[in-house]
Amino acid sequence: MKTPPLLRFVLVRVAALPFTILAVLSISFLVTSVLPVDPAKTIAGPMATDEVVAGIRERLGLDRPLVERFTGYLGSLLGGDLGSSYATGQPVSGEIAERLPATLTLIIPALALAAVVGIGLGVVGAYHAGRRPASASGGIVTVLQAVPDFLLALVLVVVFATGLGVLPGPEGQLSIGTDVPPRVTGSIPVDALLAGQWPVFADAVRHLILPVLTLGLTYSALIARISRALLGNALAMECVRFARACGWSEWRVVRGALLIARVPLLTYTAVLLAGLIGGAAIIEKVFSWGGFGQWTVDSMQKVDLPVIQAIVLFAGGATVVVYLAMDVLSGLLDPRIPIGRGKDR
Amino acid sequence: MTSVTHRPTGRSSSLARARRRARIQLWGSVAVIATLVLYPYLFGWTLEPFSTDAARVLEPPSAQHWFGTDRVGADLLSRTLWAGRTDLPLTLAATLLALVIGAPFGAWFGYSARLGERMMRLIDAFQALPLLILILALVALSGGKAYMIVVAIVLYAAPSFVRVVRSEVLAVSTARYVEAARAYGVSTPRILIRHVLPNVTEIILAQAALIAASAFLAISSLSFLGVGVAPPTPTWGGMIADSVSALISGIWWPTLFPGLAVFVNVVCFNLIANAIRSTGRSGELS
Amino acid sequence: MTNDAVLSISDLSVHYELARGTSAEALSGAHLDVGRGRVHGLVGGSGSGKSSLIKAVLGLSAHNARVSGRIDFAGAGDLLRCSAKELRRLRGSQIGYIGQDGAGSLHPLMTVGAQFRTFFRQHRVPGSRARHLARAAECLSEVGMPDPEAVLRQYPFQLSGGMAQRVVIAIATALSPALVLADEPTSALDLTVQRRVLDLLAGLRADRGLGILLITHDLGVVAHYCDEVTVLHRGRVVESGPVREVFADPRDPYTRALLRRPGAPEPAPPAGREGR
C-alpha cells in the first residue's frame, strides 16, 4: 500500500482546512463589516465631532470600499500578520500566544470535570429512566442549567473564599505577590511543576479550583442532557438485551452502552471545547484570569477593531481545528467510519 | 394505599392529571414572566429605580426597602422590577424575530428536501462559528445599542429555528394526508399553512421557549460583562456585575435578588417548554 | 415428563403496574414444560404474553412487572426465588438466549472476538486471551462458520444477517447451556437462511441434548422442528401438547383459526421430520 489509509484520511481533511478557514474568515469579516454598525462612532464616543469620527475611520481604513478592505485584510493575513491592537499597538498574534495557555489551563480541566459530572448524571438519568434517581438527576440538571455561570461563580466565591476562607478569591491565577515561574509552556501550574516550585504549583492549583468548578458544573448540564439522550437510545438497543441475556453484569452493560455513545459524545464535547475558548470569557473576567477570554472582553469594551477581528478569526480557526481533530478521532474510534481499513478484505 | 380504593378509569385519569399539572405549569410560568414584563409598564409609578441617596447606601432589606439598597443607595426592589422592562422585552423580541425569520426558511428547506440538505450544511458551518464571541463583537462595536443586541441574538437563534422547523416539516410532509393534498394539486404554500403548520406548532413553540431561555441567558451575560444595555438603565446582569465588590465583603442582597430574577426566568422558560411538550399530541402518544 | 424437564413453568402470571394503582395483565396462570433434548414451540400473536414469559424466565422482567408462580429450572430450583446474582450467573451459562435480530444483538463497536472474550470473562472461564479466542473459534466452527479466525476479528457490520445470527447462536451455546430460548430467531432472515439456522439449532439440540423453547408465529416451523407446542392467546395458554396431537385435533378456536391461515401446515397427518 502506498499511503497508510489513516494518513490519507488525515491528509484529505487537512487539505480541506484552508477552504474551511477561508469560509470562517469571510463570514466573520462580513458579519463584523456589513451590519449597520459604525465602530468609528463608538470609539469616538457620543460627544465627538464629525471630523474626529472621520479621522478615526480613515486611520482604521473604514473609509475604503468593502472589497478593498477584504482583499487588504486577506493579503496581510497571508503574510502572517493578524494586525495590531488599536489601543496598544502590539501585534495581535503575540498577544494570543501569550494569553491562550492560561485559558487552556482553565478550560481543559473544566471540560474534564463537566464530562465526568455530566456523563454521571446522564447515566443515572438514562439507566433509571422513569424512576426516582432519574428525576433527581433531571432536577439537578434543570437547576444547573438555569443558574447563569457568572452567578454560580459569585456564589462559589462567597461560600468558599469569603465565607469559609478555604480557597483564594477572584485574584487571578496566583496569590498577589507570588512570582510567576519561568515561562516554558505559558501555563502557570505546568511551568511551576517544570521548575520544581511546589508551593507555586499548589497555589496555582488552589486558584484553579473555583473557576474550574464553575465552568465544569455549568457545562456538565449540557453534557448531562446529551448523554442522557444518547445512553437512553443505546440502552434500548437489542444488543443490550442480548448482553443482559448473556449474563453481563449491569456495570458491563452500562460500559457497553457508553462505548456506543462514545463517538457522538466526543463530538459534542469538541463542540463545547471550541465554544469554551471564547465562552470562558465571563468566568475569566469574574476571576481576573487574564487569559484569552478576558482579553476578548476587554478588547470588546475598548472597541479595538483589529483585535476583535483577529479574535473572531482565531476562535473560528480554533473551532475548525478542534472539529478536524475530532473527525480524525471518531474515524479511529468507530470502525464503521471507513478510513481505508477494511478495504483489504 | 388510597390509590387502590378509588381507581377511576385507570390510564386516562392519570393522563388527565398529568395534563392538568402541565397546564398549571404552563400558565403559571407564563403568568410569572408576563408579570415581570408588565409590572414596570403598568405600575412603573410605584418604582424609583433611578433615585439615589448617599445616606442610605447598601442598607439591608427592611420594611421600607424590601430588597435593601445598592451601593449608590437606590432601592433594589425598584431596580430589580424595573429591569424586567429591558431584559425580557429584548429576549422576547429576539426570540420572536428569530422565529419569524427562521421558521419560513425551515419550512422551505424541509419541504424541498434536496435544497434543504445543502442549505443545512451551510447552517452547520455557521453554527460552528464562535457565536458568543461574534455576539460580543457585534454588540460592542455598536456601543451596546438595544437593536444590535436583538440582531446579534437573532443571528444566534434563527439557525436553531430553521433546524427544528425543517426536521418537523420533513417528518410531517411525508405523511399520507399531505401527500394526498399534493396529489389533489393544492399549492405548496397552502399545504404548508393549512396542513403542515397546525401539526408542528406545538413542537416549535416548545423549541421557542428553550431558545428564549438561552437568549435570555446570553443577554444577561452581555449586560453582566458591561457590553449590553448601558447603565444606569437597570439590567439583571448589570446589577449583578455591580454588586460584586459588595458581595465579596459579605453583603448579599444586591446580588441575590437580580440573581433570583434571572434564575426564575430561565426556570419558567424551561417549564413552559416542558409543559407544551407534555400537553401536546406527542405527549399523549408516548 | 416433569422429571426430565429442563424448564418447568407452572401457574406463571405477570402483570404490569401502571401509573397510580392501575395494572395490566400480560400473562395469567401459564404452564409449560421443556424436556431435555426437546424442542418446545411457543406460538402466539403480539400481545399474547410470549415476551413477558421469556423475560420472566431470564429474570429480566421490567421494573414495574409483578411476577408470580413457579419457574423450575433443572439444578437451580425456582428461578423466581433466585437472587439477581444467581440469575445473572445462570444467564449465558445455563440458559442461552437468541433474539430476532442477529446483527442487532451484537455490540456494534466490538469485534466478534471481543464479544466472546467479554462473555467468557463475565462467566469466569479460565484462560488467557489466546485460549479464549481459540475456544471462540471452536464455537464458531461448531455453528458451521467458515474461517472462524477471520470472523473473530470482524465487526458486526461486516457480517451478513445470517452470519451474525450464527455468531449469536455460537455465543448463546458456547458454555453448553441446558436450555436455549430462541425468540423468533429467523424472522429477520431470508427464507433460505432461515432453514439453515433452524437446522443448526435442531442439530445442536440433537448433539448436546439441550432443551429449546422456540418462539415463533410460523406454524410450519412448529410442525417441522418442534416436539411439543404451547399456544398463547391474550395471556392464557389455550392449547398445549405434542405437536402431532395438537395439530391433528386443535381444541381451541384460536388455534383452529391459526391453522386455517394460508401457509399453515395441513391439519391432518402433520408434517414429519422430513418436511417437504
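Regarding its fold elements, chain A presents 14 helices and 0 strands. Written out in order from the N terminus, the α and β elements of chain A read α-α-α-α-α-α-α-α-α-α-α-α-α-α. Principal-axis analysis of the C-alpha atoms gives chain A an extent of 80 × 60 × 45 Å. Counting all 345 residues of chain A, 47% fall into the buried class. For chain A, restricting intrachain contacts to residue pairs at least 6 apart in sequence, the fraction spanning at least 24 positions comes to 70%. Total accessible area on chain A stands at roughly 15600 Å², and carbon and sulfur atoms take up 67% of it. The distance from the centre of the 26 positive side-chain charges to the centre of the 22 negative ones in chain A is 16 Å.

A count of helices and strands for chain B gives 11 helices and 0 strands. The buried share of chain B, reckoned over its 286 residues, is 49%. By sequence separation, contacts in chain B at least 24 residues apart represent 72% of the contacts at least 6 residues apart. Here chain B displays about 13700 Å² of accessible surface, and carbon together with sulfur accounts for 67% of that area. Side chains of chain B carry 23 positive and 13 negative charges; the gap between the two charge centres is 16 Å.

Moving on, we get to the interface of chain B and chain A. Listed by partner, the interface residues are 37 residues for chain B and 41 residues for chain A. The interface formed by chain B and chain A includes 0 residue pairs in polar contact (both at pLDDT 80 or more). Among the secondary structure elements, those contributing two or more residues to the side of chain B that touches chain A are α5 (131–141), α6 (146–172), α8 (188–225), α9 (236–248) and α10 (253–279) of chain B. Here the side of chain B that touches chain A gets 8 residues from one element, more than from any other, and that element is α5(B). Grouping the amino acids of the side of chain B that touches chain A by side-chain chemistry returns 28 nonpolar, 9 polar and no charged.

Residues and elements named next belong to chain C. Pairing within the open sheet is mixed, and its 6 strands lie in the order β6-β7-β8-β3-β9-β10. Because the sheet does not close on itself, it has two edges, and the strands there are β6 (95–98) and β10 (236–242). Looking at each pair of strands side by side, their axes are set apart by 15° on average, direction ignored. Bridge analysis of strand β9 (residues 228–233) against β10 gives 6 bridges, and the strand direction is antiparallel. Counterpart to Leu232 in the pairing with β10 is Val237.

Further remarks concern the sheet that holds strand β1 (residues 5–17) of chain C. Residue and element names in this part refer to chain C. The 4 strands lie next to each other as β2-β1-β4-β5, forming an open sheet whose pairing is antiparallel. Each end of this open sheet is capped by a strand with a single partner; those strands are β2 (23–35) and β5 (77–78). Judged from the 8 bridges that link them, β1 and strand β4 (residues 65–73) form a sheet pairing that is antiparallel. Bridge assignment links Ser8 to a residue of β4, and that residue is Asp72.

This part covers the pattern of salt bridges. Residues and elements named next belong to chain C. The tally for this structure, following the rule as stated, stands at 13 salt bridges over all chains. In this structure, Lys50 engages Glu184 in a salt bridge whose closest nitrogen and oxygen atoms are separated by 3.1 Å. Residue Lys50 is found in helix α1 (residues 50–58), and its partner Glu184 is found in the loop between β7 (179–183) and α8 (191–208); the two are separated by 134 residues along the sequence. Accessibility classification places Lys50 together with Glu184 in one group, the buried group. Between Asp78 and Arg81 there is a salt bridge, with the nearest N and O atoms lying 3.1 Å from each other. The exposure class of Asp78 is buried, given its relative accessible area of 6%.

Attention shifts here to the confidence of the model for chain B. All names here are of chain B. Looking at chain B, pLDDT values average 78 and 90% of them are 70 or higher. Every residue in residues 1–11 is under pLDDT 50, and counting partners more than four places away or in other chains gives 7 contacts. In the predicted structure, residues 281–286 sits below a pLDDT of 50 and forms 7 contacts with residues beyond four places in sequence or in another chain. On the interface metric, ipTM, the complex scores 0.87, and its pTM is 0.82.

Reading guide: rules and limits
- Residues numbered from 1 in each chain as written.
- Chains lettered and ligands numbered in written order.
- Predicted model: local features only at pLDDT ≥ 70, side-chain atom pairs only at ≥ 80, totals over all residues.
- Heavy atoms only, no water.
- Helix = DSSP H or I, 4+ residues; strand = E, 2+ residues; numbered from the N terminus.
- Buried < 20%, exposed > 50% of the residue type's maximum accessible area, 1.4 Å probe, protein only.
- Contact = heavy atoms within 4.5 Å.
- Areas by Shrake-Rupley, 256 points an atom, 1.4 Å probe, with all protein chains shown as cover.
- Lys, Arg positive; Asp, Glu negative; His and termini not counted.
- Charge placed at Lys NZ, Arg CZ, Asp CG, Glu CD.
- Polar contact = N/O pair within 3.5 Å; in protein donor to acceptor, adjacent residues only side chain to side chain.
- Nonpolar A, V, L, I, M, F, W, Y, C, P; charged D, E, K, R; others polar.
- Pairing = 2+ DSSP bridges.
- Axes fitted to C-alpha atoms, helices over the stretch in contact; angles between N-to-C directions.
- Salt bridge = Lys/Arg side-chain N within 4 Å of Asp/Glu carboxyl O.
- pLDDT = per-residue confidence, 0-100.

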